[in-house]
Each structure stands twice: as structure tokens, then as C-alpha cells.
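Take a look at the letters that make up each chain.
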Amino acid sequence: MIAERRRKLDELRETGNAYPNDFRRNALADELHRMYGTQENEALEELDVEVAVAGRMMAKRVMGKASFIKLADRSGQMQVRVERDRLPDGVYADFKKWDVGDIVAARGKLFKTNTGELTVRCDELRLLTKSLRPLPEKFHGLSDQEVRYRQRYVDLITNESSRAVFRTRSAVVQYIRSFLDAQDFLEVETPMMQTTPGGAIARPFTTHHNALDMELYLRIAPELNLKRLIVGGLERVYEINRNFRNEGVSTQHNPEFTMLELYRAYATYEDLIDMVEALLRGMSEAVLGSTVVNYQGEKFDFGEKFARMTVEETILKFNLELDQSRLRDRDYLLEVCEKLDIPVKDSYGPGKLQIEIFEKTGEENLRQPTFVTQYPTEVSPLSRKNDDDPFLTDRFEFFIAGREIANGFSELNDSEDQAERFRAQVADREAGDDEAMAFDHDYIRALEYGMPPTAGIGVGIDRLVMLLTDSPSIRDVLLFPHMRPEVFD
RNA sequence: GGGGCGUUAGCUCAGAGGUAGAGCAUUCGGCUUUUAACCGACCGGUCGUAGGUUCGAUCCCUACACGCCCCA
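Residues numbered from 1 in each chain as written. Chains lettered and ligands numbered in written order. Predicted model: local features only at pLDDT ≥ 70, side-chain atom pairs only at ≥ 80, totals over all residues. Heavy atoms only, no water.

Looking at the packing of aromatic side chains
For the structure on display, the rule yields 12 aromatic pairs. With 5.6 Å between their ring centres and 45 degrees between their planes, Tyr-92 and Phe-95 make a pair best called tilted. With Tyr-92 and Phe-95 both in helix 4 (residues 91-95) and 3 residues apart, the pair spans about one turn of that helix. Judged on exposure class, the residue Tyr-92 and its partner Phe-95 are both buried. For the ring pair Tyr-175 and Phe-179, a centre distance of 6.1 Å and an interplane angle of 35 degrees mean the geometry is tilted. Pair noted here: Tyr-175 and Phe-179 are both in helix 7 (residues 160-181), with a separation of 4 residues, about one helical turn. According to the relative accessible area criterion, Phe-179 is buried, its value standing at 14%. Ring pairing ties together the aromatic residues Phe-302, Phe-306, Phe-371, Phe-396 and Phe-398, which thus form one cluster. Positioned above the aromatic ring of Tyr-348 is the side chain of Lys-352, whose terminal nitrogen or guanidinium carbon lies 5.2 Å from the ring centre. The ring of Tyr-375 has Arg-395 lying over it, and the distance from NZ or CZ to the ring centre is 4.5 Å. (Phe/Tyr/Trp six-rings, centres within 6.5 Å; stacked < 30°, edge-to-face > 60°. Helix = DSSP H or I, 4+ residues; strand = E, 2+ residues; numbered from the N terminus. Buried < 20%, exposed > 50% of the residue type's maximum accessible area, 1.4 Å probe, protein only. Lys NZ or Arg CZ within 6 Å of the ring centre and 35° of its normal.)

The following block contains the structure:
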């Protein structure tokens, strides 16, 4: 079939420029439907509107000496009526050889068909680009997941729902920018390649700089750099960009993913909880036109106040038999982990054990929007300790549909405490935990200049977009999700 | 890493231990208001790959590859 179309392309090459680029479009389908869609045919003929449209030919219905075709542009589709006797000699005969999938341009007057569809009756018809490969079947479209991900261009040609997902994604990011810009935040870009990966607990990707002959890491988070900017006095900064984590691939995880990280001086984690709530409420209204989000059969109302509970409250809620008074007792927690079939390491203290229990029994049950607060210091090496209870930090994570969407805290700005936390991380690393953080000397030096009291947060953009587009897999919201390399033979 | 499901024409999918099927698309013919246009004819395949069982395997078995889902 491709050979057949190559033959047609060869004919085009022989008769002139097979890839012309001198046609000027002056209208999009959607704007024509909006402006003229409600007019009666008689009024339209009276108005005598000539338009030049172009796009991919998605349907071709030939009826002898006249045809209807559908042209798809970025806004939508426009029907064109092609009549042999309105076109110069030979054009209609050529047109009959064109294929669905070709890029076609038409110029003519608007009218309405008997069934009331706005249509261009064309006086000029041109083939702008020959398509050599056939499109998927017109009714079912492209449904093979693998091809949808690997050949996203075909998916986008065929599936309006896929195009809609990426328009929504763009709207989400745009909304975040306008929301933060309105609050005088500065958008910044910090390095993707770092000599010391930090700011999160994860395995990094390694790369090599030839000229300097040194190892570099793709960042796992921008956190430490952004807080350096707070030290520098920028006070309100954010970055929307990629992080890279060398971990498994799943419906929730892609090796590179997009995070919003923001830092706000003179704020606490509670201020950011309020901010996240306002951000999500405004976002769903702006993007979906409603505060109600339907996700995979569940309903979430962003118009209602989100629930708040502490880590320990969450553990107790989903493990009713546990002894409230022994939740920080390491031996007791070890017993509980054993019962729950949670693998543990000798290095785990009560804080880490709590989090293991929380993740095993609590996380997936957090369906409705919930802020979980008061994370153990042991698992929060960059968070400020709670003033009254040093076992805990002033930290929260935001959950919805059983998934973590955001993680924020009042920042640790005591350089000596931070140095101590780094040392604990280094000890973990030496004990074999290759996700533990390295000691970042420059970051300590920055804190020694004085970082104002600050709160910061990271929001997973991909998961947010999944939620707002009702997508079951992170791959549905990434234009080019990570795949094993394809074998061409 | 473990488990389940899948891989058949360009696309969407049937199918059975004995010559490989449909619709759409392609090709040819017809048709000047179609809407998954319609009518007629033709064309289209290493049944994911490699082994094994069998007189015979695309079908049964094993391994592998790739994908999707679930679990860790």
C-alpha cells in the first residue's frame, strides 16, 4: 500500500513541485463554525464568504462528479464540497487519486448542505503533502496502546481524546503560572545536571562530562538550588521542569517526570496547604469548568474543604487494632511490620517504620483529597522540626485517589541541624541505602548565610494531569512516554 | 523481580489440530448533497520469534521478545 502511494508521489514529482508551500490559509474550521455555523444557507449565500482552508483529509466520499471531504486542522474539521465542473480541467480526476491522510488545501465560498452542515464549495483544490502511510481504520481509530505511545503522531491524528489530554495539560501548566505570577513569584530554571544529586530520596541517573572528565547526575529534584535562591533574597521562586529518577516504570512512574517546585519565604507549611487547596480549586474551575473531578469512576469535589489528618492519625484510622500509646515504640512497630509482611532493615528507626506502615496500609485508602501532616523527622531530612515535638516535622503530603500528588514543608533553615541531618543520611548511605542523600557542603554554606523562614512544596504535574483528564496511566499524559527501544528490521 | 492477559491483512477484530476469515482502507468500475456514504468486482498474510509434540501446528507444549494490567 505504501508502494502504491510512492508511485502516486513519483507522478506528482514529475508534474511539478510535489511539496508546495505557497498556499496561504486564512481560516480555521472552529472559527468558521463559530462565526457562520448558525446562519441559514440563504443568508450565507448572501454573505458570499470566501475562505481558504487546509488540513489533513480525514474523510473522502466520492459520488461521481462531486464529492465531500473533511479537512482536519488544529481547531477541528471543515467539510469541503468538491465539484468537477467548478474546477479547472483535470483537477477532479487528480483529486480522485488522492488518499485519506493527504494534506489538502481548498478555497471557496461557504454554504450549508441539506443536512445543515457548514461546508466550503471549492473553486480551488490543491494537494500540499502526499501521505505515504495509511491511517488507522476510520471508525475504531487507533486503539493499540503500544502504537499510541510509540507513534504519538498517529494517535494525535486519529484520536481527538488524545489531543484533548494534551490541551488540558497545557492549560494546567498555564493556570499554575498565572496563579503564581499573580502572587509575585519568579519563575526560574536551575541545572538539570548536578555534581551532587540532592533534594529527594531517590536513585539518580549518571552521565559523564567529557571535557571535565567527571561524573554528573541528572537531577532528582531542584530543591536545594531553589532554596539557595531564597538565601539570595528572591523570596518567592518556582520552577516547572523535569526530574529524573532511576527507578521502575509503572502506570504511576516515568523515569523523567514534571514537577512544580515552589518556595515562599516568611510562610509555613500551613500557608502552603491553603495555597494548594486554592490552586486546585481554581485549576479545576479554569480547566474543567467545574470543581467536580471524575476520575476512574470516583468523584472528587475540589469545591469542598480538603480533609487533614496526621500520619499517626492515619495509621490508627486504617489499623484500628494498634496501640495508640506505642506508636513510637520501635520494638512494637517492628512487630507490626512483621504482621503486615513489611520488609525492614536494622537501620530503620520508629519514624521510618511508621512511614512503612503508613504507605502499606494508609496511602491507597486516601481516596478523597487529604492533607496528611506531621511526618517523622527521620524520613524528612530537609524539613523543619516541629517546635513542640522534635520527633515530627512541619511537613505534609497531599493525597487523592490513593496517590501522592504533592509534598511540602516548612524548610529547615538551621544550618547546624541540616548538617546533622546530612550526616545521618550519609550514615544510611554507608549502611547500604543507595537512595540516601549525600552531604552537600555548599548547601550548608548557603544556609550559614541565613535563609529566612520559608516553606516549600513540590507538585507532581503528570499525576495532576492524569486526575484532570481521567487518565489511568502516566503514559497517557506524556507525549512521548519512556518505552524500550523499538527494533527496526 | 512475580503473576495474569495479549501478539492473525495497513487498521479494528473473528477463527479452528487438516488449503486463512470479516469490515474498513488500497486497486478497478458506477454514482452531483454525503455523514463509518452507497452499489459491484479485485487485491491483500512468514498467523510475534525460535525450538518441540504430531502424518500434519497458525492452533497443543517450552523458551524468548514486545506490549498492557495487577503485585513487590
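What about the packing of helix 13 (residues 415-430) against helix 14 (residues 441-449)?
Where helix 13 contacts helix 14, the two axes come as close as 9 Å, and the packing angle between them is 165 degrees. Accordingly, the angle class assigned to the pair helix 13 and helix 14 is roughly antiparallel. Judged by the twist between their axes, the crossing of helix 13 over helix 14 is right-handed. Of the residues in helix 14, those in contact with Ser-415, Gln-418, Ala-419 and Phe-422 of helix 13 are Tyr-443, Ile-444, Leu-447 and Glu-448. The residue makeup of the contact of helix 13 with helix 14, split by class, is 5 nonpolar, 2 polar and 1 charged. (Axes fitted to C-alpha atoms, helices over the stretch in contact; angles between N-to-C directions. Parallel < 35°, antiparallel > 145°, perpendicular 65-115°, else oblique. Left-handed = near helix turned anticlockwise from the far one by under 90°. Contact = heavy atoms within 4.5 Å. Nonpolar A, V, L, I, M, F, W, Y, C, P; charged D, E, K, R; others polar.)

Some thoughts on the environment of Ala-52
Considering the arrangement of structural elements, one finds Ala-52 in strand 1 (residues 50-63). For the pair Ala-52 and Lys-109, spaced 57 residues apart in the sequence, the C-alpha separation amounts to 9.0 Å. Those residues in contact with Ala-52 that sit more than four places away from it in its chain are Phe-23, Arg-24, Arg-25, Asn-26, Ala-27, Ala-106 and Arg-107.

Comments concerning unusual backbone geometry
Here Asp-184, not a glycine, exhibits a phi torsion of approximately 65 degrees, which is positive. Here Asp-184 shows up in the loop between helix 7 and strand 6 (186-187). Assessed through its relative accessible area of 63%, Asp-184 is described here as exposed. Positive phi values are uncommon outside glycine, yet Glu-235 reaches one of about 65 degrees.

Some points on the nonpolar core
Nonpolar side chains in soluble globular proteins tend to be buried together. Judged by nonpolar contacts, the single largest core of 46 residues is most densely connected at Ile-176, Leu-180, Leu-260, Leu-262, Met-283 and Phe-302. Not counting the four nearest positions on each side in its chain, Met-283 is found in contact with Val-172, Tyr-175, Ile-176, Leu-288, Leu-464 and Leu-468. Counting 27 residues, the second largest nonpolar core, distinct from the first, contains Tyr-36, Val-49, Trp-98 and Val-120. (Core = buried A, V, L, I, M, F, W, Y, C linked by side-chain atoms within 4.5 Å.)

Focus on the confidence of the model for chain A
Summarising the model, chain A shows a mean pLDDT of 93, and 99% of its residues fall at 70 or more. Per-element confidence in chain A ranges from a low mean pLDDT of 86 for helix 5 (residues 145-150) to a high of 98 for strand 6. Here the complex is predicted with pTM 0.93, and the ipTM for its interfaces comes to 0.88. (pLDDT = per-residue confidence, 0-100.)

Overview of helix 13
Spacing of three or four residues puts side chains on the same side of an α-helix, whose turn is 3.6 residues. With 16 residues, helix 13 extends 22 Å between its outermost C-alpha atoms, agreeing within 8% with the 22 Å of an ideal straight helix rising 1.5 Å per residue. Every buried residue of helix 13 is accounted for by Ser-415, Asp-417, Gln-418, Ala-419, Arg-421, Phe-422 and Gln-425. The N-cap residue of helix 13 is Asp-414: its side-chain oxygen and the backbone nitrogen of Glu-416 are 2.9 Å apart. Looking one or two places after helix 13, you find Gly-432, whose phi comes out positive at around 110 degrees. (Expected span 1.5 Å × (residues − 1). Polar contact = N/O pair within 3.5 Å; in protein donor to acceptor, adjacent residues only side chain to side chain.)

Description of the side chain of Gln-425
As for its placement among the helices and strands, Gln-425 is situated in helix 13. At 2.9 Å, the side chain of Gln-425 and the backbone nitrogen of Met-437 are in polar contact. Each residue touching Gln-425, except ones within four places of it in the same chain, is listed here: Ile-201, Pro-381, Ala-436 and Met-437.

Section: the protein's contact with RNA strand B
Taken together, 38 residues form the shell around RNA strand B, and within it Lys-8, Asp-85, Thr-115, Lys-138 and Arg-475 come nearest. Restricting attention to atoms of RNA strand B within 4 Å of the protein, one finds that 58% of them are sugar or phosphate atoms. Here Arg-81 contributes a side-chain N or O atom positioned 2.9 Å from a base oxygen of RNA strand B. Within the side chain of Arg-150, an N or O atom sits 3.4 Å from a sugar or linking oxygen of RNA strand B. The set of elements that each furnish at least two residues to the surface near RNA strand B consists of helix 1 (2-15), strand 1, strand 2 (66-72), strand 3 (77-83) and helix 5. Sorting elements by how many residues they give to the surface near RNA strand B places helix 5 first, with 4 residues. For the surface near RNA strand B, a count of residues per class yields 10 nonpolar, 11 polar and 17 charged. (Near = heavy atom within 4 Å.)

Observations regarding a negative patch on the surface
A contiguous patch of negative charge on the surface is contributed by Asp-331, Glu-335, Glu-338 and Asp-341. You can see Asp-341 is positioned in the loop between helix 11 (330-339) and helix 12 (350-361). (Patch = residues over 30% accessible without salt bridge, like charges linked within 9 Å, V, L, I, M, F, W, Y side chains within 5 Å. Areas by Shrake-Rupley, 256 points an atom, 1.4 Å probe, with all protein chains shown as cover. Salt bridge = Lys/Arg side-chain N within 4 Å of Asp/Glu carboxyl O. Lys, Arg positive; Asp, Glu negative; His and termini not counted. Charge placed at Lys NZ, Arg CZ, Asp CG, Glu CD.)

Structural notes on the sheet that holds strand 11 (residues 256-265)
With respect to topology, 8 strands assemble into an open sheet ordered 6-10-11-18-17-16-15-14, the strand pairing being mixed. Two strands close off the open sheet at either side, each with one partner strand: strand 6 and strand 14 (307-310). Direction of pairing for strand 16 (residues 395-400) relative to strand 17 (residues 403-410): antiparallel, over a ladder of 6 bridges. Residue pairing in the sheet places Glu-397 in a bridge with Asn-407 of strand 17. Relative to the sheet, helix 9 (residues 269-288) contacts strand 11, strand 14, strand 15 (370-373), strand 16, strand 17 and strand 18 (454-460), its axis offset from that of strand 16 by approximately 20 degrees. (Pairing = 2+ DSSP bridges.)

Section: helix 2 (residues 29-36)
Among the residues of helix 2, those classed as buried are Ala-29, Leu-32 and Tyr-36. All buried residues of helix 2 fall inside an arc of 65 degrees around its axis, so they share one side. Against the buried residues of helix 2 lie helix 3 (41-47), strand 1, strand 3, strand 4 (103-112) and strand 5 (118-129). (Arc of directions from axis to C-beta.)

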